[in-house]
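Reading the structure
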Amino acid sequence: MYRTHTCGELRIEHIGQTVTLSGWVQKSRDLGGMTFVDLRDRYGITQLAFNEVENADLTAQARKLGREFVIQVTGEVIERASKNKNIPTGEVELKVTGLTLLNASKLPPFTIEDETDGGDELRMQYRYLDIRRNPVLQKLTLRNKVALETRKYLDAQGFMDVETPVLIKSTPEGARDFVVPSRMNEGQFYALPQSPQTFKQLLMVSGIDRYYQIVKCFRDEDLRADRQPEFTQIDCEMSFVEQEDILNTFEGLVKHLFKTVRGVEFEGEFPRMTYEQAMETYGSDKPDIRFGMEFVDLSGIAKGKGFPVFDNAETILTINAKDCSEYTRKQLDALTDWVKRPQIGATGLIYVKFNSDGTIKSSVDKFFSEADLAEWGKLAGAEKGDLLLVLCGGTDKVRKQMNELRLHMGNELGLRNPNVFKPLWVLDFPLLEWDENAQRYFAMHHPFTSPKKEDFHLITTNPGKIRANAYDLAMNGVELGGGSIRIHDRELQSQMFDLLGFTKEEAQNQFGFLMNAFEYGAPPHGGLAFGLDRLVATMGGSDSIRDYIAFPKNNSGRDVMIDAPSPINPDQLKELGISIG
């Protein structure tokens, strides 16, 4: 056999035993009469000891070993003279009596250690080497634990794991589809699923009652740190439930995962907030509530004082940065430059310092008296030592800008501790969004989301005011997942398609299979999907999901390791009936 133990397994109680290990050479140290080699596998590191006096040939072999050589060793477990308390195996070492080279290795393009000298692109090109590093391996291990505990919890709750198709029909709503040409049906295409949405609803019609799947989904969209063209969802659906049933079930899942995987326990129920409250208070539908700095609207008291910037603005918002009145002019100028960047788009930033000596100093003293500024401070809860930061403009735009500034200040002041977790349910999203360019409504979530019952009457009178029976779970400024109670009535689903501008023929062509199914006793149902990648990255305290995916794409959507996407052989294109000009 190649090994009797792993490289992370040996302890004091193994002293005196003869064992066999296999793994990769992490590093070696030649100290003259003694040569030490660190042998690594997925489970840990064991120090190997070669004594030149006792076995010169074996020690000579050891000295020829390079980094990442794959070897097998046999020897006796002995106590280390110089113990290493930083690793679990640090009290013992292996006195080697036999060495077999299983495979040599070229010199790796970067050091395979916790702190590497490899840049992102280089590490992605050699991802199979990058995964050998502990930081990446630990992230993938965390992902594995989350997936395992998810299955345990959902199985205990009566959910059934059902696979849904990967080759499906392209739909016009949502993000762009990845399409797959059909050789047997020339000129026709499959799409890769953005979500198993319609299939899991059909499973509810089928009587499955509780479904889940840890499933790959695909969206052809612009990439960011928290997005990949292919991603994984914990996808769930339940029959005969209302919103409260779903929130309780999946709040339970999140509590279970954090307790079993991270050792973190949440006290009481997760707080809840409506979409409207979230936008008014934080300018975001996924607010980070680990810290304060809630928005305060100064519009009612700051307008009409002869300051044109305010008088012409739809909304004036401020946040209170506690204990920041000592910010220097240089720091304030840097904040102003930050909000004026194209990504934020503000035209400027106004500040008010509530100095520790009781004086008030602002960048708009010319237009506002100290009494005016004191009134702002009172409304914003400012005390001596605090700093108000003010933005103004159109309501939606200034909320987004202030949200970015708030998060930036949270980072600057160290208020966004990655090891503190604050969940929040956001409820009652708008059902529809109006698109000025297309001059029609789009579904904020998807076309199968049910309106709240109390808003049904607005379908024919004021559809823009309809609230969705939808919910998202946010944590630390990240949307972990969301869902809704679904439409299960054909007539209501047809009305929804009408609102979205579908003709009867288009609706039947795209979604006739679902509406037909609703005529065969569809139960009330709803569900939720968590982004597994985002969930695991949040649990790991990271902003980027890439290191929690074994083989991710880069920011251009490329897999630089296998060089994909890539051109297709002309013969394959011809067989598919596709011509590229």
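First things first, this report covers the structure right here in the doc. Since the structure is predicted, the reported quantities are computational estimates derived from the model, not experimental observations.

Looking at the sheet that holds strand E6 (residues 160-161)
Strands sit in the order E6-E9-E10-E22-E21-E20-E17-E11 across an open sheet of eight strands; the sheet is mixed. Since the sheet does not close on itself, it has two edges, and those belong to E6 and strand E11 (272-274), each with one partner. With respect to the sheet, helix H4 (residues 134-156) is in contact with E6, strand E9 (210-218) and strand E10 (230-239), its orientation differing from that of E9 by roughly 150 degrees.

What to know about the pairing of strand E5 (residues 92-103)
Pairing of strand E3 (residues 44-51) with E5, which is carried by two bridges, proceeds in the parallel orientation. Opposite Ala49, over in E5, you have Lys95 as the bridge partner. Note that strand E4 (residues 70-79) and E5 share 10 bridges and pair antiparallel. Note on E5: the bridge partner recorded for Glu79 is Val92.

Thoughts on helix H5 (residues 197-205)
Within H5 the residues assigned to the buried category are Gln197, Thr198, Lys200, Gln201, Leu203 and Met204. Each element contacted by the buried residues of H5 is listed here: E9, E10, helix H14 (504-517) and strand E22 (525-531). In the stretch just after H5, Gly207 is the one whose phi turns positive, near 90 degrees.

Notes on the nonpolar core
Counting residues in each nonpolar core, the largest one holds 40 residues, and the members touching the most others are Val146, Phe250 and Phe530. In terms of residue count, the dominant contributor to this core is helix H6 (residues 243-262) (eight residues). Those residues within four positions of Phe530 in sequence are excluded, and the remaining contacts are Thr232, Gln233, Ile234, Phe250, Leu253, Val254, Leu473, Leu480 and Gly481.

Considering the packing of aromatic side chains
Enumeration over the complete set of coordinates arrives at 19 aromatic pairs. For the ring pair Phe258 and Phe266, a centre distance of 5.2 Å and an interplane angle of 70 degrees mean the geometry is edge-to-face. Considered together, Phe258 and Phe266 belong to a single accessibility category, that of buried residues. Between Phe497 and Phe502, the aromatic rings sit 5.2 Å apart at their centres with planes inclined by 50 degrees, giving tilted as the arrangement. Residue classification places Phe502 among the buried residues on the basis of a relative accessible area of 9%. Each residue in the set Phe307, Phe310, Phe367, Phe368 and Trp376 is aromatic and connected to the rest through ring pairs, giving one cluster.

About the criteria used
Going along each chain's sequence as written, the residues are numbered from 1 onward. With pLDDT at 70 or above as the cut-off, local features in this predicted model cover only qualifying residues; side-chain atom pairs require 80 or more to be listed or tallied, and sums for whole chains, interfaces and linings still use all residues. Hydrogen atoms and water are omitted, and side-chain values are computed over all heavy atoms in the structure. The pairing criterion is simple: DSSP has to find at least two bridges between the two strands. Secondary structure elements follow DSSP: runs of H or I of four or more residues count as helices, runs of E of two or more count as strands, with numbering from the N terminus. Should any heavy atoms of two residues lie within 4.5 Å, those residues are counted as being in contact. Note on geometry: axes are C-alpha line fits, over the in-contact stretch for helices, and angles between N-to-C directions span 0 to 180 degrees. Any residue under 20% of the maximum accessible area for its type is buried, any over 50% is exposed, and the rest in between are partly exposed; the area is computed with a 1.4 Å probe on protein chains only. As used in this record, nonpolar core signifies buried Ala, Val, Leu, Ile, Met, Phe, Trp, Tyr and Cys residues forming a set joined through side-chain atoms within 4.5 Å. Side-chain rings of Phe, Tyr and Trp (the six-membered ring for Trp) are treated as a pair once their centres are within 6.5 Å; stacked means planes under 30 degrees apart, edge-to-face means over 60, and tilted covers the remaining angles.

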